[in-house]
Amino acid sequence: MAKLTCRSAFISDVHLGTPDCKAAYLLDFLRSLECERLYLVGDIVDLEALAKRHWWHPDHTAVLAELVAIAGRGIEVIYIPGNHDYQMRGLVGTSIAGIRVELDAIHEGADGRRYRVSHGDEFDPEHVGRRWIAWLGDTLHRFICWANRRVHAVRSRLELPYLPLSIILKSHVGAALAYIRDYEQRVARDAAERGLDGHICGHIHFGHVRPMDGILYLNDGDWVEHCTALVEDFTGAMELIHWTDRVTPLGRASRETVLPSPQAVLGFAPLADCRADLSSLRGAGVSVAG
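Visitor: Would you mind going over the nonpolar core with me for this structure?
Guide: Across soluble globular proteins, nonpolar side chains have a tendency to be buried as a group. Core analysis: the biggest nonpolar cluster contains 37 residues, and Ile11, Phe29, Leu30, Leu38, Leu40 and Trp223 have the highest contact counts within it. Elements supplying a minimum of two residues to this core: strand 2 (8-11), helix 1 (23-32), strand 4 (37-40), helix 3 (58-72), strand 5 (76-79), strand 7 (99-101), strand 13 (228-232) and strand 14 (238-243). Counting residues in each nonpolar core, the second largest holds 17 residues, with Tyr39, Val41, Ile200 and Leu250 among its members.

Visitor: Please clarify how the environment of His84 should be interpreted in this entry.
Guide: Tracing the backbone through its elements, the reader meets His84 in the loop between strand 5 and strand 6 (95-96). Judged by relative accessible area, which is 17%, His84 ranks as buried. Spatially, the C-alpha atom of His84 lies 9.8 Å from that of Asp121, the residues being 37 residues apart in sequence. Not counting residues within four places of it along the chain, the set of residues in contact with His84 comprises His15, Asp43, Val45, Asp46, Leu47 and Glu48. There is a polar contact of 3.2 Å between the side chain of His84 and the side chain of Asp46.

Visitor: Looking at this structure, I do not really get the sheet that holds strand 8 (residues 105-108). What am I missing?
Guide: Backbone hydrogen bonds hold the strands of a sheet together, and the pairing may be parallel or antiparallel. Reading across from one edge, 8-9-10-12-11 is the order of the five strands in this open sheet, with mixed pairing throughout. Pairing within the sheet leaves two strands with one partner each, and these edge strands are strand 8 and strand 11 (208-212). Averaged over all neighbouring strand pairs, the angle between strand axes comes to 20°, with direction disregarded. Relative to strand 9 (residues 114-117), strand 8 is paired through four bridges, and the arrangement is antiparallel. Its bridge partner lying in strand 9, Ala105 is registered against Val117.

Visitor: Would you take a moment to explain the pairing of strand 13 for this structure?
Guide: For a regular strand, side chains alternate in direction, first toward one face of the sheet and then toward the other. Taken across its five residues, strand 13 has five buried, putting it largely inside the fold. Along strand 13, one buried face is formed by Thr228, Leu230 and Glu232 and the opposite face, lined by Ala229 and Val231, is buried too. Note: strand 2 against strand 13, three bridges, orientation antiparallel. Of the residues in strand 13, the one forming a bridge with Ser8 is Glu232. Note that strand 13 and strand 14 share five bridges and pair antiparallel. Among the inter-strand pairings, Thr228 is bridged to a residue of strand 14, identified as His242. Connecting the antiparallel pair strand 13 and strand 14 is a turn made up of five residues, with Gly236 showing a positive phi of about 100°.

Visitor: Would you mind showing me how to read the environment of Ile204 here?
Guide: Along the chain, the position of Ile204 falls in the loop between strand 10 (198-201) and strand 11. Along the sequence, Ile204 and Asp220 sit 16 residues apart, while their C-alpha atoms lie 9.7 Å from each other.

Visitor: Where do I start with the confidence of the model for the chain in this structure?
Guide: Low-confidence regions, as indicated by low pLDDT, have predicted coordinates that should not be scrutinised in detail. Of the residues in the chain, 73% reach a pLDDT of 70 or more, and the chain-wide mean stands at 83. Long-range and interchain partners of residues 127-136, a stretch whose pLDDT sits below 50, account for three contacts in this model, where long-range means more than four residues apart. Here residues 263-285 scores under 50 on pLDDT; set against residues more than four positions off or in separate chains, the count is 48 contacts.

Visitor: So what exactly am I meant to see when it comes to the side chain of His226 here?
Guide: Tracing the sequence through the fold places His226 in the loop between strand 12 (215-219) and strand 13. Engagement of the side chain of His226 in a polar contact is seen with the side chain of Asp222, the distance being 3.1 Å.

Visitor: Is there a simple way to explain unusual backbone geometry in this structure?
Guide: Apart from glycine, the bulk of residues carry a negative phi angle, and the bulk of peptide bonds sit in the trans form. Positive phi is not limited to glycine here, since Ala97 has a value of about 50°. Turning to its location among the elements, Ala97 is positioned in the loop between strand 6 and strand 7. Given a relative accessible area of 49%, Ala97 falls into the partly exposed group. Despite not being glycine, His205 shows a phi value in the positive range, around 55°.

Visitor: How should the sheet that holds strand 7 be read in this particular structure?
Guide: Ordered by their spatial adjacency, nine strands build an open sheet running 6-7-5-4-2-13-14-15-16, and the pairing between neighbours is mixed. Of all the strands in the sheet, the pair left with one neighbour each is strand 6 and strand 16 (258-259). Pairing of strand 14 with strand 15 (residues 247-253), which is carried by six bridges, proceeds in the antiparallel orientation. In the strand pairing of strand 15, Trp243 is matched with Val247. Along the sheet face, helix 1 touches strand 2, strand 4, strand 13 and strand 14 and points at about 135° away from the line of strand 14.

Visitor: Can you help me understand the pattern of salt bridges in this one?
Guide: Once their charged atoms are close, side chains differing in charge can pair, the charge on each being opposite to the other. All told, the structure shown has 15 salt bridges when counted by the stated rule. Between Arg100 and Glu102 there is a salt bridge, with the nearest N and O atoms lying 3.0 Å from each other. By relative accessible area, Arg100 is classed as partly exposed at 31%. Notably, a salt bridge pairs Asp190 with Arg116, separated by 3.7 Å at the nearest N-O pair. Within this pair, whereas Asp190 is found in helix 6 (residues 174-193), its partner Arg116 is found in strand 9, the two being separated by 74 residues in sequence. Among the charged side chains, a network of salt bridges with common partners joins Asp104, Arg116, Glu122, Asp190 and Arg194.

What counts, and where the lines are drawn
- Residues numbered from 1 in each chain as written.
- Predicted model: local features only at pLDDT ≥ 70, side-chain atom pairs only at ≥ 80, totals over all residues.
- Heavy atoms only, no water.
- Core = buried A, V, L, I, M, F, W, Y, C linked by side-chain atoms within 4.5 Å.
- Buried < 20%, exposed > 50% of the residue type's maximum accessible area, 1.4 Å probe, protein only.
- Helix = DSSP H or I, 4+ residues; strand = E, 2+ residues; numbered from the N terminus.
- Contact = heavy atoms within 4.5 Å.
- Polar contact = N/O pair within 3.5 Å; in protein donor to acceptor, adjacent residues only side chain to side chain.
- Pairing = 2+ DSSP bridges.
- Axes fitted to C-alpha atoms, helices over the stretch in contact; angles between N-to-C directions.
- pLDDT = per-residue confidence, 0-100.
- Salt bridge = Lys/Arg side-chain N within 4 Å of Asp/Glu carboxyl O.

This is the structure we're talking about:
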């Protein structure tokens, strides 16, 4: 794949230790990445899933090895545990193989904008804690991910590009979209109250670039359904990119211009019928060569 050069990169919701993790695509992304700082924004290893069922693929080991190698090259790697690897929060303030563990972080962009970086589970509404709603949501999500795996396997055999079935399904469920919008509002409100320019998170598996009343909401998506990362170029502009068989820009935000990521599956439409459009990545600071 292409070589990606940027100032900072953000990934989350990898869920190593589950069959849904697209570790091969992530490994290709990490091996293509040249940056100064890498944020691991939670749910990197799904310790919760591993406690219930031991499942591991060699590619998952390779991802961990690559993260250690990145830190070993002198790149600053910051690990912010999420709700599926919350046990690692007990190691906040320490380093693991050169990777610093923090509860959250303040990231200052090249253009001076300041963002809080956190996994984002702290913004879940209180009612999600009710057992039956949590069980229902978890069951439906597992089914959607199972279907996504099956579709991906069939399309791979037919040499067709990756299609995020789960995102298509989510985008056509009104309740899911309403939840996402409410979540984004809570995150943006918190950033405003802290006097920051924006917030960078993951957690809900829905990558998005969205300006909200002067606050920039940035969600880096996941590597279970979206296969997305957030990258910052050397001018401070933030870009959401999808990375599988092809690279697809989904949204970009500079100080001057915000191009919000297309709603739901519209952001992935180019994957089905055209080659990757890398033009917006060959801009002021994000360099893609391949």
